[in-house]
Structures are given as structure tokens and as C-alpha cells.
Amino acid sequence: MSKLVVSTIGPASSVQDGGRHGAQRYGLTPSGAMDRLALAAANCLVGNELFAAAIEIGPFGAAFTAREGAVRVGLAGAPRSAEISGRAMATDTSMILVDGETLRLGFARGGSFSYLAIEGAIEGEPMFGSLAVNARAGLGSPYPRPLQAGDELHAKAGSGAAERRIDLPPPADGPIRLVMGPQDDEFGGEATKLFLDSEWKISPTSDRMGYRLEGPVIKHLHGHNIVSDGTVNGSIQVSGNGAPIVLMSDRGTSGGYPKIATVISADLGRFAQIPAGRAFRFKAVSMAEAQAEVRKFAALLRTLPDRLRPIENFDLNIEALQDANVAGAAVSAVDARTWQIPSADALAKD
Amino acid sequence: MAATLSSPRILPSGDSAVTVEFSRKIDDAANQRVLALDRTLAREPVSGVTETVPTYRSLLVHYDPEQIDFDALSEKLVSLAQRPVPPVTKTRRWRIPVVYGGEHGIDLEDVAKTLNTTPDDIVARHVAGDYRVAMIGFTPGWSYLSGLEKSLHMPRRQSPRLLTPAGTISIGGVQTGVQCLAGPSGWHLLGRTAVRTYQLHRDPIFLLEPGDAVTFSAVDAKIFAEQDRAAEAGEIVADLIAP
């Protein structure tokens, strides 16, 4: 049996899937991928179920090595440099690592999370139907914690299937849409206007539990304590100091701060990918519009298998081929995958 | 004829969940209605509802908007919530052993001082209580209990502690609670129990259910240590008194 060994990895990287549902009534949060579309795309590339467990990779670089056989992987999510033995790997494609080969990933550029799916999916012991890591609750499989160098993920032997890319629609770049409530009446008109009209940034202290927002102070009408009630992914609670926090996959299942609004499901993945420090805005939409968008999002997920394309379809581009050869790396005239010039740091590592 | 129950407030929690709110305050009657609606939805499932989360004064209902939309679900929930609350015939009752005070309950002395009495008296009042699990939330197994005697109601600490021990038994506001995992808390720590309300690889993984009745019994540190070892090995160590 093949395995994928973690050679190097940064913080905020863990095995995640579609999440652990049904036990929120016991205080157990669902966890699961921060960007569901990217998880689904990575899995689709290697023929897995869309919400099978894959590696969620945080903003830093990582490297993975195939051992005891070949491993086929699919990569989606935040753009970042990726190469295997001098071959560049593009985001939204599949690629095979033969025994001993290492996939090196750079920092996320313009996003936060990437997903690396393994053909045949990650194996482990599900709890409440999920392998998703929730370190606080000691849950997740094969390791109930973020991944560390040396960890081994068992994999099916990679098949000789043709490599593919997946054509995703261009990501929307408008404001992050939200539905007001459930406790928007805890805020006056002025505070609500300030919340909706201001530019926000995500604080670097954010994590899978919540994204802290930097911007103006949002004042409560009646103080910041409410009787704790249930939360959802995307709940925007306003804490005592007037700073909004958007609750994410590892949120507490209940919370005692008023929640002014909720990010719509269709925009949650896009929101999760906003890098710390980049300015963005919110926009309130109607419930009807939010529900139309969540249905559209579900429809998009269903079309993913139809969006796969063989990678070999290429137009012979002599100029690009020559450019690639100038860098001194061996490239194949019939395999466009090898045409990209390896980045300097990739060459230095080898 | 029973009087018609007041209509709950329906609050949108995004596009895939709705909060059915019976009160804005901590209110045992509202909690009864929350738990009744929760039981109704378990007994008569509404197509599209995926998960329910009872809290003190509201029920959070997660749903799949591809199967049912907000308006249709809200209407259905309002109508189910106005049914008379049926009497609960079978309530599970647990007795949970607690070692009070000292290193296990570092706030017991201060609570006694604030309330102008002795630590033993605080323990006696806390042990005499007949509690209900009003909700479980925040972190796995954290059980919020209603029924705390009025004389023990006190505001939470000015500054929450960032780390309090697993198994902590504490009071805060009008509630008392059983905390399972180590974590932050702004409540007053009276003692600890060896009982794990959440434990993987044990059947059941979660011990308490919203609606369960709970009483406490005082044990000494030696018994606590023994029970803690047994609990670690997977024993339940709480007594199921009824039914």
C-alpha cells in the first residue's frame, strides 16, 4: 500500500472533510473544510466523493512525499506554487507522485487554504461519520490534531488514470453577502449602517474557530450579553469591545454575544480564503436571494464532474517550450505540464 | 381548552438555519417549550430539517434550503411550537459525585465569603438542588443546568479564566454547570467531578441529554481520585437513579 508522508508543513493544516453533523446538540461543532468548493474540486480531480477527507493546507508552504508506491493527488484552493521533481503542478489539476517523489507547495498567494486530495481518499476511523480534525475535542483521524512533519497518510496505489484539470467558474470578487440577524435588533440603525458601509480586514489572530475583523467599533444597544443561543458557520457575533468575529468551522456551538448577521453559505468559502490584511466589504441581501444562491452553489457542486478536462489537450507552443528549456530543466515537447520554469527556490531545494 | 401558547419569534440564522426564540431571558417555562419543540421534531420529522440544537430559550433548526425554504419552514415551526407542551413522562435522573472546595474548587471559599456563610453551607445548598439539563453547548459535553437555588445566584467573574479544569462544577448567574473539557470559564468554580459527560470510545459518547434531571453528591478527594481512574478507563461513574 502506498502512503503520502508529510515532509514539511506549516500550522493550520489538518485533515478535513464535509464535517461532522448531528451532534451540535451535545456541544460538538461540525468542523470540516473552510472552503467546501475547493475541497470538492480537489476530490473530484482524483475521482473521490466530493466531501471525502483531504488535506487542508494553511497559508504556509508544505511538502509531501510518496512512499512504498505511487500516489495520485488533486490540488485545489488558494493559488500557490507547486512542483514535483521539477515539473510544475497547476492548481485545479491532478498529478501522480511516483514512489519517492516529493510535491513541494509554496505559500498561498491571494488566498489562505489549499486542498490536497489523495486518490482513493484518506483512510481513517470516522467519528460521527467524519475524519475532520477538531483538535480541541480530540477528534479526527488518522491524527486527532493538525498535521506534523513525519505523519503518514495511507493511500491506494495511484492509478494510471489520465491527469485532469477542473474548470471552475472564476471566483466572484464582489462584497461578502450576508443575511441580517438573528440579533440585529440588538444594534441601532447607526451601528448597522457603520457595519454595512465600512471596509473590514481580517485580523492575523484569526483561526478555524473564528475570523476576527478589524474596522470600526460596532456598538450594542443593550450591552453585549445575551442568553447563549445556537451558532452557525458564518454567524457574525459582536463581542464586548465592539469587534465583530465571524464564526467558522471550529466555532463553539453556542455563544453569548449578539449576532448582527450571518454570511451566506455560498460566500463562506470565498470569505474563508480572504487573506489577513486585505480589505473587503459586506452587503446585506434578502433571504430569498441568499437561498437562491445556496441552491445555485449546490447545483455548481453537482456539475463538478462535468467540468473535468484531460490535461493532455494542448496546442504546441514552441516559444513556451524554448523558454522552458532555457532554464536548464528537462522538459518534454509533448507534455505541456513540464513547460513551466521551476521557481528559483524549488531549484535551490533540489 | 388549554390557552393558546404565545407565538415564538422566528429569527433567520443565515440561509440554512432558523432560530425559534421563546424568550430573551433565562426562563424555565421557555426552556420547557424549547425541549418540547425539539422532541416534537424528533418524533415527527419535518422534511429538510437536518439537525436541531436546543438552548436555554431557543431552538436552532438547521435545514437544507434545497428541500424546504425559509417561509415554509418558519410557518411549520410556529405552528408546531404553539401546540400544548405535553407532560414529560420519563425523565432520566443522574446523581453526579463532586469533590467540593480546596484545589478542586478554588472559588468555594470566596463564594461563601461573598454570600456571608460557610463553605459547608454552600456545598449543602448546592447538593440539595434538583437540576435539569437546560442545554449542552459551547464545547462538547458542557451542560448548563437550570434549578439553581436563588441564594446561590451570583454575577459571573469580572475577568474570565482562560483555563479551568476538566470536570469542573461551577455556578454563574442563575445557572450551575458541568464542564467536560478543560477550557475558559467566567463562572465560580465550586468543585470537580470525575464524570465525563463526553468521552470518545465509550458507549454512550455523550452522557447527558437536554431535559435530563441531575442531582449532586459530595465525595472526598480520595473517592474522586478513584472515580477519576475508573472514568478514564471508560466507566460512567455517575449513578442513573431513574428511570
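Only a predicted model underlies this, so the values are computations on that prediction, with no experimental measurement involved.

Direction of pairing for strand β5 (residues 93-100) of chain B relative to strand β13 (residues 213-218) of chain B: parallel, over a ladder of 6 bridges. Paired with tryptophan 94 of chain B across the strands is valine 214 of chain B, a residue of β13 of chain B.

Taken as a whole and judged by the stated rule, the model has 36 salt bridges over all chains. Among the salt bridges present, the one from arginine 208 of chain A reaches glutamate 56 of chain A, with a minimum N-O distance of 2.7 Å. One end of the pair, arginine 208 of chain A, is in the loop between β14 (201-202) and β15 (210-214); the other, glutamate 56 of chain A, is in strand β3 (residues 54-57), with 152 residues separating them in the sequence. Per residue, the accessibility class of arginine 208 of chain A equals that of glutamate 56 of chain A, and both read buried. Salt bridges sharing partners connect three or more residues here, namely Asp185, Glu186, Asp229 and Lys259 of chain A together with Arg9, Glu21, Arg24 and Arg57 of chain B.

All names here are of chain B. The domain boundaries assigned to chain B delineate domain 1 (9-81) and domain 2 (93-242). One C-alpha centre belongs to domain 1, the other to domain 2; they are set 28 Å apart. Of the residues lining the interface, 7 residues belong to domain 1; the matching set on domain 2 comes to 8 residues. A per-residue breakdown of the area domain 1 buries against domain 2 is headed by Ile26, Leu35 and Tyr56, which together make up 57% of the total. The interface formed by domain 1 and domain 2 includes 1 residue pair in polar contact (both at pLDDT 80 or more). The element that contributes the greatest number of residues to the side of domain 1 that touches domain 2 is helix α1 (residues 28-43), accounting for 3 residues. Counted by class, the side of domain 1 that touches domain 2 contains 4 nonpolar, 2 polar and 1 charged residues.

Residues and elements named next belong to chain A. Annotation of chain A at the domain level lists domain 1 (2-166) and domain 2 (176-303). Computed from C-alpha atoms alone, the centre-to-centre distance between domain 1 and domain 2 is 27 Å. Across the contact, 24 residues belong to domain 1 and 20 residues belong to domain 2. Summed over both sides, the interface between domain 1 and domain 2 buries roughly 1700 Å², with carbon and sulfur atoms accounting for 52% of that surface. Of all residues in domain 1, the largest losses of buried area upon contact with domain 2 belong to Thr29, Met34 and Leu37, amounting jointly to 33% of the total for that side. Inspection of the region where domain 1 meets domain 2 yields 1 salt bridge. In terms of residue class, the side of domain 1 that touches domain 2 is made up of 11 nonpolar, 10 polar and 3 charged.

Taken together, the 44 residues of chain B in the interface contact 42 residues of chain A. Taken over both partners, the interface formed by chain B and chain A buries close to 3400 Å², and the fraction arising from carbon and sulfur atoms is 54%. Broken down residue by residue, the surface that chain B buries against chain A is led by Asp15, Glu51 and Glu66 of chain B, which jointly contribute 18%. Taken together, chain B and chain A are joined by 6 salt bridges. For the salt bridge of arginine 24 of chain B with aspartate 185 of chain A, the shortest nitrogen-to-oxygen distance reads 2.8 Å. Across the contact surface, chain B and chain A share 22 residue pairs in polar contact (both at pLDDT 80 or more). Those elements that place two or more of their residues in the side of chain B that touches chain A are β1 (9-12), β2 (17-21), β3 (49-54), β4 (58-63) and β6 (131-136) of chain B. Of the residues in the side of chain B that touches chain A, the class split is 22 nonpolar, 12 polar and 10 charged.

Parameters at a glance
Residues numbered from 1 in each chain as written. Chains lettered and ligands numbered in written order. Predicted model: local features only at pLDDT ≥ 70, side-chain atom pairs only at ≥ 80, totals over all residues. Heavy atoms only, no water. Pairing = 2+ DSSP bridges. Helix = DSSP H or I, 4+ residues; strand = E, 2+ residues; numbered from the N terminus. Salt bridge = Lys/Arg side-chain N within 4 Å of Asp/Glu carboxyl O. Buried < 20%, exposed > 50% of the residue type's maximum accessible area, 1.4 Å probe, protein only. Domains from an automatic or database assignment. Contact = heavy atoms within 4.5 Å. Buried area = accessible area lost by both parts, 1.4 Å probe. Polar contact = N/O pair within 3.5 Å; in protein donor to acceptor, adjacent residues only side chain to side chain. Nonpolar A, V, L, I, M, F, W, Y, C, P; charged D, E, K, R; others polar.

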